[in-house]
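The residues making up each chain are set out below.
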Amino acid sequence: MLKAVIIDSSAVARGLLQTVLQDGSYDVVGQAHTCASAAVLLLKHNPQLICIARDVLEADVKGAEEMRRNYPKSLMFMVSSEFDAQTVQKAHAMGINGFIVKPFNADTVLKTIRNTVIAMVNRQRKALADAQAAQNPPAAPSAGDEA
């Protein structure tokens, strides 16, 4: 079961997202309203998923960047009711892996997380296969090998 931390200034939004995630079999190990208060939860639980509201992210860019540095394997999702092209570009540059739209539609939220997890696993598998191929290049056929 993947562990998740929710960071949102709205207690209502945190509660709703927690319900969606728990119903989807994720283990919500903590909630916070700021990046600073989330730091303790992240250290304690080392979650695989971090859901951070856009307003919290924009209020503490340095704190969010520190989270990304300290938890590079965690998937980070920006939570917001609106996404414009500039915000999405900035979020990707900060290492945000996906986007969760408010108001929450449970099926859409769970599908977004699932697809992001699958894409990450596929990227890791490809990187591993590429690394193994680089270490073990195919042998050149010898002069005696003819079909």
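These remarks concern the structure in this document.

Cut-off values and rules
Residues numbered from 1 in each chain as written. Predicted model: local features only at pLDDT ≥ 70, side-chain atom pairs only at ≥ 80, totals over all residues. Heavy atoms only, no water. Polar contact = N/O pair within 3.5 Å; in protein donor to acceptor, adjacent residues only side chain to side chain. Helix = DSSP H or I, 4+ residues; strand = E, 2+ residues; numbered from the N terminus. Phe/Tyr/Trp six-rings, centres within 6.5 Å; stacked < 30°, edge-to-face > 60°. Buried < 20%, exposed > 50% of the residue type's maximum accessible area, 1.4 Å probe, protein only. Pairing = 2+ DSSP bridges. Right-handed = clockwise from strand over helix to strand, strands pointing away. Contact = heavy atoms within 4.5 Å.

Moving on: helix α5 (residues 85-93). N-cap assignment for α5: the residue whose side-chain oxygen lies 3.2 Å from the backbone N of Q86 is D84. Looking at the residues trailing α5, positive phi occurs at G95, about 100°.

Let's shift gears to the environment of V5. Structurally, V5 can be placed in strand β1 (residues 3-7). Each C-alpha atom, one on V5 and one on R114, is 16 Å from the other, the two residues being 109 residues apart in sequence.

K102 connects to P103 through a cis peptide bond whose omega is -5°. As for its placement among the helices and strands, P103 is situated in the loop between β5 (98-101) and α6 (106-135). Residues other than glycine seldom take positive phi values, yet S25 does so here, at roughly 75°. Considering the arrangement of structural elements, one finds S25 in the loop between α1 (11-23) and β2 (27-32).

Turning our eyes to something else, we now look at the packing of aromatic side chains. In this structure the tally under the stated criterion is one aromatic pair. For the ring pair F83 and F99, a centre distance of 5.2 Å and an interplane angle of 75° mean the geometry is edge-to-face. Here F83 is found in the loop between β4 (75-80) and α5, whereas its partner F99 is found in strand β5, with 16 residues between them in sequence.

Within β1, four of the five residues are buried, which leaves it mostly tucked inside the rest of the structure. Examined bridge by bridge, β1 and β2 share five bridges and lie parallel to one another. For I6, the partnering residue across the bridge sits in β2 and is Q31. The β-α-β motif built from β1, the intervening α1 and the parallel element β2 has right-handed crossover chirality. In this structure, β1 lies alongside strand β3 (residues 49-53), joined through four bridges in parallel fashion. By the bridge assignment for β3, V5 is matched with I50.

What follows covers the environment of N46. Within the secondary structure, N46 sits in the loop between α2 (35-45) and β3. Residue class for N46 comes out partly exposed when judged on its relative accessible area of 46%. Remark: the alpha-carbon pair of N46 and F77, spanning 31 residues in sequence, is separated by 15 Å. Excluding residues within four positions of it along the chain, N46 makes contact with K3, L41 and Y71.

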